[in-house]
Amino acid sequence: MSSVQSVVRIGIAEIGVAVFPKVIRTVGLGSCVGVVVYDSSLKTAAMAHVMLPDSSLAKGMVSNSAKFADCAVQELVEILKRKGSAGKGLKSKIAGGAQMFKLKMGSESTRIGPRNVEEIKKQLRRFHIHLEAADVGGSSGRTIEFDTDNEILTVRTVHQGTLEI
Amino acid sequence: MGPYNDLNSFQLDILREVGNIGAGHAATSLSQLLNRRIVMEVPEARIASLTEVTEWIGGAEQLVAAVFLRIEGDVTGGMFLIVSIEEANSLIAYLTGNSEISLKNEPGLSALQEAGNILAGSYLSSLSDFTKLEMKASPPELIVDMAGAILASGLTETSRFGEQAILIETSFCEWDEIRGRFLFLPDPDAVPTVFKALGVCANE
């Protein structure tokens, strides 16, 4: 493997896709969850940086499906299909959903991390996507990178080092 | 499309002045706390995407110490006091007069958290006096982690309104050793309230 890999970067509340040999990465997940859905046969992975559990929390129009856990998984599947996936046998890895703050912030912000995780798991079941690995919860920020070649999700934290799942 | 596409430069100037008043009072508090001269920079007010906000402080992965307070009342939003790790340790050493105390131990964490509380308190109370609007801060919370993770988690309420946030940023420094920033991120629906209180048209 070449040491110079090209990286697809996903910003907050954004969605994107990487095809081998590219890797896909998002930084600074706190209560947000990084969801990777991938098709092994195509060495193609789509990632979303999900911020909120439910699109009904939106005040005004929902303009961005990547931001909400209840919309993002469907969008990831559609992106993979546009890249040629049959949509069968898809797998997923997720990370994030920490509780960064102990305090209660606004009525809907309580436990936002765990609620993001619960909703994503529910959506993965709905689309028959197998959850291969997860590193969720806790109170640390995470940066994740998914390698389309070996399907390893590298999770980096400031306080607990690096984990490969 | 965000909710702020129609904020004009005059309104951004007003928000800059909001930052000027708030951070000016906070800088005075810090100066009294440390018995040192604190220089405040000209505030910036801008509309930024959520990604831009989280990339602000030298990248979303940058390790920082942040004191966060959620603001409730007539005006809602988030307030962050953000310093780098080195600066946090200098600030703690000045505050406690003991160079052994740092972010690595409990007295250091408490000192920084309390400094954040005092500074954010004077920021908010001066704004509250100026606008006659109620602003209550939650208890402060100190977090040492990736800037992006902290900012995004503090922005969950704001993110319900769209893809953008209003960022009012003021930097302060004490020559070379202490440098920090205040970020005030009013929730989108709080901004017309602020304009109305100041007699500025909110172009509704």
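## Points about the overall build of chain A
Thinking step 1. What chain A contains, in helices and strands, is three helices and ten strands.
Thinking step 2. For chain A, the C-alpha radius of gyration of 15 Å lies close to 15 Å, the compact-globule estimate for 165 residues.
Thinking step 3. Each principal axis of the C-alpha distribution contributes one length, and for chain A these read about 45 × 35 × 25 Å.
Thinking step 4. Expressed as a percentage of its 165 residues, the buried residues of chain A come to 51%.
Thinking step 5. Considering only residue pairs separated by 6 or more positions, chain A has 63% of its internal contacts joining residues 24 or more positions apart.

## Details of the confidence of the model for chain B
Caution applies to low-pLDDT parts of the model: their predicted coordinates are not meant to be read in detail.
Residue and element names in this part refer to chain B.
Thinking step 1. Looking at chain B, pLDDT values average 84 and 94% of them are 70 or higher.
Thinking step 2. Element-level mean pLDDT values for chain B span from 80 in helix α6 (residues 156–159) up to 91 in strand β6 (residues 141–146).
Thinking step 3. Scored by ipTM, the complex comes to 0.85, with pTM at 0.86.

## Overview of the nonpolar core
One broad trend across soluble globular proteins is that nonpolar side chains are buried collectively.
Thinking step 1. Counting residues in each nonpolar core, the largest one holds 110 residues, and the members touching the most others are Val 35, Val 37, Val 50, Ala 72 and Leu 76 of chain A together with Ala 66 of chain B.
Thinking step 2. Setting aside residues up to four positions removed in sequence, Ala 66 of chain B forms contacts with Phe 80, Leu 81, Ile 82, Ile 143 and Ile 150 of chain B.

## Some details on the interface of chain A and chain B
Thinking step 1. Across the contact, 31 residues belong to chain A and 28 residues belong to chain B.
Thinking step 2. For the side of chain A that touches chain B, the elements supplying multiple residues, two or more each, are β3 (23–29) and α2 (106–109) of chain A.
Thinking step 3. For the side of chain A that touches chain B, the element with the highest residue contribution is β3 of chain A, accounting for three residues.
Thinking step 4. Split into classes, the residues belonging to the side of chain A that touches chain B amount to 15 nonpolar, twelve polar and four charged.

## Some details on the sheet that holds strand β9 (residues 153–157) of chain A
Residue and element names in this part refer to chain A.
Thinking step 1. Pairing within the open sheet is mixed, and its five strands lie in the order β1-β3-β8-β9-β10. At either end of the open sheet lies a strand with only one pairing partner, and these are β1 (7–9) and β10 (162–164). Direction aside, neighbouring strands of the sheet carry axes that sit 20° apart on average.

## What to know about helix α4 (residues 106–131) of chain B
Thinking step 1. Look at α4 of chain B: 37 Å from first C-alpha to last across 26 residues, which is about the 38 Å you get at 1.5 Å a residue.
Thinking step 2. The positive-phi residue at the C-terminal boundary of α4 of chain B is Lys 132 of chain B, with phi of around 60°.

## Let's talk about the sheet that holds strand β4 (residues 33–39) of chain A
Picture the strands of a sheet paired through backbone hydrogen bonds; they go either parallel or antiparallel.
Residue and element names in this part refer to chain A.
Thinking step 1. As summarised here, the arrangement of the five strands in space is β2-β5-β4-β6-β7, forming an open sheet in which the pairing is mixed. Each of the sheet's edge strands pairs with one partner strand only, and the pair in question is β2 (15–19) and β7 (130–136). Across this sheet, the average inter-strand angle for adjacent strands is 15°, counted without regard to direction.
Thinking step 2. With six bridges joining them, strand β6 (residues 91–96) and β7 adopt parallel strand pairing. For Ala 95, the partnering residue across the bridge sits in β7 and is Asp 135.

## Examining the pairing of β6 of chain B
Residue and element names in this part refer to chain B.
Thinking step 1. Among the six residues that make up β6, five are buried, leaving the element largely enclosed by the rest of the structure.
Thinking step 2. As judged from the six bridges shared by strand β3 (residues 63–73) and β6, these two strands associate in the antiparallel manner. Directly across from Leu 63, in β6, lies its bridge partner Met 146.

## Comments concerning the environment of Lys 196 of chain B
Thinking step 1. Within the element layout of this structure, Lys 196 of chain B appears in helix α7 (residues 191–197).
Thinking step 2. Note on Lys 196 of chain B: 14 C-beta atoms within 10 Å, which makes it partly exposed.

## Quick look at the environment of Ile 82 of chain B
Thinking step 1. Note on placement: Ile 82 of chain B falls in strand β4 (residues 77–84).
Thinking step 2. Along the chain, Ile 82 of chain B and Leu 151 of chain B lie 69 residues apart, while their C-alpha atoms are 10.0 Å from each other.

## Comments concerning the pairing of strand β7 (residues 164–174) of chain B
All names here are of chain B.
Thinking step 1. With nine of eleven residues buried, β7 lies mostly within the body of the structure.
Thinking step 2. The pairing of strand β1 (residues 39–40) with β7 spans two bridges and is classified as antiparallel. Within β7, the residue paired with Val 39 across the bridge is Cys 173.
Thinking step 3. Pairing between strand β2 (residues 44–49) and β7: six bridges, direction antiparallel. What sits directly across from Ala 48, in β7, is Ala 165.
Thinking step 4. Where β7 meets strand β8 (residues 178–186), seven bridges bridge the pair, whose relative direction is antiparallel. By the bridge assignment, Ser 171 is partnered in β8 with Arg 181.

Reading guide: rules and limits
Residues numbered from 1 in each chain as written. Chains lettered and ligands numbered in written order. Predicted model: local features only at pLDDT ≥ 70, side-chain atom pairs only at ≥ 80, totals over all residues. Helix = DSSP H or I, 4+ residues; strand = E, 2+ residues; numbered from the N terminus. Rg over C-alpha atoms; globule rule 2.2 N^0.38 Å. Buried ≥ 20, exposed ≤ 12 C-beta atoms within 10 Å, placed from the backbone. Contact = placed C-beta atoms within 7 Å. pLDDT = per-residue confidence, 0-100. Core = buried A, V, L, I, M, F, W, Y, C linked by C-beta atoms within 7 Å. Nonpolar A, V, L, I, M, F, W, Y, C, P; charged D, E, K, R; others polar. Pairing = 2+ DSSP bridges. Axes fitted to C-alpha atoms, helices over the stretch in contact; angles between N-to-C directions. Expected span 1.5 Å × (residues − 1).

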